[in-house]
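# Structural characterization, general
Below are the chains, spelled out letter by letter.
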Amino acid sequence: MKKAGKIIGRISIGIIVLAVIAGAGGGFYFKSYLPHTVAPKSFPQIEGELQVSGLDATVDIYRDNMGIPHIYASTTHDLFFSQGYVHAQDRFWQMDAWRHIGSGELSKMFGGGQVETDSFLRTLGWRQTAEAEWEQLGPESRAILEAYTDGVNAYLKDHKDTALSLEYAILGLLSPDYEIEEWIPVHSLTWGKAMAWDLRGNMGEEIERAVLLKTLTPEQVAQLYPAYPQDHPVIVNNIGDGSASAPLNSRTFAGIDVSTETLQAIEQNVVLMDEILGPWSDGIGSNSWAVSGKLTDTGTPLLANDPHLGIQMPSIWYQMDLHCLPKNDDCAFEVAGFSFAGVPGVIIGHNAKIAWGFTNTGPDVMDLYIEKVNPENPNQYEVNGQWVDFATREESIQVVGGEAVSLTVRSTRHGPVISDTYGPLKDQGDPKDSEFKAFKDRSGVELPEQYVISLAWTALTPSTPFEAIWGFDKAQNWDEFREAARGFHVPAQNLLYADVEGNIGYQMPGDVPIRAKGDGTLPVPGWTDEYEWTGFIPFEEQPYTFNPAEGYIVTANNQVPPNDYPYLITQDWDYGFRANRIVDMIETAPAKIDMAYIQQMHGDSFDANAETFVPLLLDANIASDFNPALDTLKNWDYQDRMDSISASVFNAFWKNFLQNTFNDELPERYWTDGGSRWNEVTRNMAKNPNDPFWDDKATTDVTETMNDMIEVSFAEGVAELQNMFGKDMSKWIWGDMHASTFRNGTLGESGVFLIEDLFNRGPFQTGGGDAIVNATGWSVRDGYETNWLPSMRMIVDLGNLNNSVTVHTTGQSGHAYNEHYADMAPLWANIEYYSMWWEQDSAIKDSEGHLKLVP
């Protein structure tokens, strides 16, 4: 859910180039015929009456002036049936692509270029896990999914190909044999697995640390993975009375040296996922905070949430209201907020009594196990001195327009083997390779002659988060909300809560493993029980708080528990710069906090990094040629606003500063990409101007200091700005440099501009940055363009729900050229909002369409 859109990039586009672009009518086809003749065929009917088979009674759907549907139904079945119908009206292409990702069937839609990706998806077994979850669901949950599925299929029955979405016109050129299949409940459940992968936690760091330990000492690796800063807040200050057996902030990194070849195989498989879901970044997170009535102007709570996810088109969110009318025991849903197209219910939002928001906890729920393979029988691996057979299953990957590809998936007691390359299965390891022996003395463990790497991951145990979501949708108080949270296993989230009675609360749920030994930071031996998971943190002992004395709760992916918490959740928290700033703004509010102040907080672009390094820049011996640029920093308030020149100057310096300081020490794959961890690393290093990392290893005749790095990096940053914008500094605008372009999730980076122009929108000037409350990420490696962002912003007024406001990134519609395809993007970029109507009269008064679905 981050920078996506590369699926088509690995599909041969020759057929398009030859048949259309090179043809005499290619320009007309893309610039006129598709936008003006084909695209409108997929726009949904929003007015009048439609007879739809499968309903119990009439359903009313009002769409307000932002295109947001408010659905009123008399039965639970009809409510979720209509949600499925409306999702399909607006977003079926997105749903279709997502279900093929979740099932490992991209080749069935896009062709042979996706076989490698499908192979890894099949190895992980998301579809298999979702099918097991379906078998375990109770009758109420099954009824919700079945009603939703019937609604999707009712729409598909009367709409085909380009009547569903413009993208099918392009797909028809790529994959003319592709046929759209009916929706089934398992398709909805697989998206929970994709979400769990997207919010997976620290597997990337686990691999990276193993790689870095080949060339750096454990002490150096620890320096690059510092402890959570003690001057930044934790979410829950007081919980339990135990003490950790090992301090949570200790840093000791030493383990078995896994071969480069093996690690590269795992990395390549992760890259395949990055290309369809977007690359994971330690900067990606979310903000949420709840302020109690004692701090607000109304005397009732305010709850704010802005989940940070990858930039994409259309928005990952689909906003809607679901109302049972009348609400009763048989039809108990009355909820508004944000859903996923393809999944019933409302994920984040409020009902008549409570509101809730999410941020990612980021617990360490993935471990890599080194499995000894029998040198004499590669079908066996060792468990406590005994050879046992790998569990295997056969997969057949269907390829549209081609032959099916067979795959054998191997699993151990820990999980699937993920170090295989997808050609002939290949066990890694040669005991004669000195690289394999590098850590023997340090770790005290002999690396096996033959081995593979398996993945233990909580998401591969059947459990769906959506049952908990449906519980939140109906919960009427804190106790009911917590009871629903008990069933939220994966991906673990920081659940923020507020209610109309004036309460605020927080709960961390989820399956977080307890390890017999180790802390999950490096691959560990799998051939004994020494590093096994012995259970999960009991729900009753997971961090929570209710009406804390401070009068507020802040979650921003920062450390959850106090340091004396008796269980390990992770060693890899976000480093708390956003959380620290949010707490500071709450505690220094000039008056009682109101909606306008919360909006101001959402848009805050204070760069704590600049607060550390601008004074050092101003004290450095910067060449006089660069004084005009340096002068822009002298009275800067450290806000990375979209109209700021100072922000451009500082961030250009910062990019070059990180590259100059660290890239000479790191393998190219792990060159610094920025984010809160690197902010904390450099903040610590600034206390020692002679830290060895400041030295440039390429200059063997001199030892550089921090000031040397500052001076050369500032000069390079100014030169970069001049190359980008010219010497006229008035054009060095951060909003242009950091602009947001929303690219279609599958076709948006095809490399064919005529296709990209159909579906992509932007650029939009954008403020904010990494480790900033207005969290719009950019890449030190790839450039300043926004690559992840607040995917929506929501402020719920628990004193007057109809006063709540929100915005998400693009628009409600997934249909290019529809008026609601990108009408929210300018609002989002300017930190503006629209009303989140709750009362039926308000929704009707503001409606642009009223559709009746009748049996």
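Residues numbered from 1 in each chain as written. Predicted model: local features only at pLDDT ≥ 70, side-chain atom pairs only at ≥ 80, totals over all residues. Heavy atoms only, no water.

## Things to note about the packing of aromatic side chains
Keep this limit in mind: Stacked, tilted and edge-to-face are the three classes applied to pairs of Phe, Tyr and Trp rings, where Trp contributes its six-membered ring and a pair requires centres within 6.5 Å; stacked means planes under 30 degrees apart, edge-to-face means over 60, and tilted covers the rest. Strands are runs of DSSP state E lasting at least two residues, helices are runs of H or I lasting at least four, and both sets are numbered from the N terminus onward. A 1.4 Å probe rolled over the protein chains alone gives each residue an accessible area, and that area as a share of the maximum for its type sets the label: buried under 20%, exposed over 50%, partly exposed in between. Here, a charge over a ring means that NZ of Lys or CZ of Arg falls within 6 Å of the ring centre while also lying within 35 degrees of the ring normal.
A complete count under the given rule lists 40 aromatic pairs for this structure. Here the aromatic rings of Trp93 and Tyr168 are separated by 4.8 Å at their centres, their planes lie at 80 degrees, and the arrangement is edge-to-face. Of the two residues, Trp93 sits in helix H3 (residues 76–102) while Tyr168 sits in helix H8 (residues 167–174), which places them 75 residues apart along the sequence. Assigned by exposure class, Trp93 and Tyr168 land together as buried. When the ring of Phe662 is compared with that of Phe693, the centres are 5.8 Å apart and the planes differ by 55 degrees; the resulting orientation is tilted. Of this pair, Phe662 sits in helix H21 (residues 646–662) while Phe693 sits in the loop between helix H22 (676–685) and helix H23 (706–725); the two residues are 31 residues apart in sequence, bridging distant segments of the chain. Residues Phe662 and Phe693 agree in their burial class; the two are buried. Three or more aromatic residues joined by ring pairs make a cluster, and in this case those are Phe606, Phe613, Trp636, Tyr638, Phe650, Phe653, Trp654, Phe657, Trp694 and Phe714. Of note, Arg142 hangs over the ring of Trp134, and the distance from its end group to the ring centre comes to 4.3 Å.

## Structural notes on the pairing of strand S6 (residues 318–324)
In plain terms, the rule: If DSSP finds at least two bridges between two strands, the strands pair.
A large share of S6 lies buried, amounting to 7 of its 7 residues. Residues of S6 alternate between two faces, with Tyr318, Met320, Leu322 and Cys324 on one and Gln319, Asp321 and His323 on the opposite face, all of them buried. Both S6 and strand S7 (residues 334–339) contribute to a ladder of 6 bridges, which runs antiparallel. When the sheet's bridge partners are listed, Met320 is paired in S7 with Gly337.

## Digging into helix H5 (residues 115–124)
A large share of H5 lies buried, amounting to 9 of its 10 residues. Taken together, the buried positions of H5 are Val115, Thr117, Asp118, Ser119, Phe120, Leu121, Arg122, Thr123 and Leu124. Once H5 finishes, Gly125 follows within two positions and takes phi at roughly 80 degrees, a positive value.

## Let's talk about the packing of H3 against H8
The condition is simple: Angles run from 0 to 180 degrees between N-to-C directions of axes, and those axes are lines fitted to C-alpha atoms, restricted for helices to the stretch in contact. In this scheme, roughly parallel covers angles under 35 degrees and roughly antiparallel covers those over 145, while 65 to 115 is roughly perpendicular and the rest are oblique. The contact definition used throughout considers only heavy atoms, calling two residues in contact when any of these lie within 4.5 Å.
Two numbers describe how H3 lies on H8: the axes approach to 11 Å, and their chain directions differ by 40 degrees. Of the possible angle classes, the one that applies to H3 and H8 is oblique. Mapping the contact onto sequence places Phe92, Trp93 and Asp96 in H3 and Glu167, Tyr168 and Leu171 in H8.

## Considerations on the pattern of salt bridges
Quick reminder of the rule: Put simply, a salt bridge is a Lys or Arg side-chain nitrogen that is within 4 Å of an Asp or Glu carboxyl oxygen.
All chains considered together, the criterion is met by 32 salt bridges. Linking Arg393 and Glu395 is a salt bridge whose minimum nitrogen-to-oxygen distance equals 2.9 Å. Each of the two residues, Arg393 as well as Glu395, counts as buried. The structure contains a network of salt bridges with shared partners spanning Arg122, Arg393 and Glu395.

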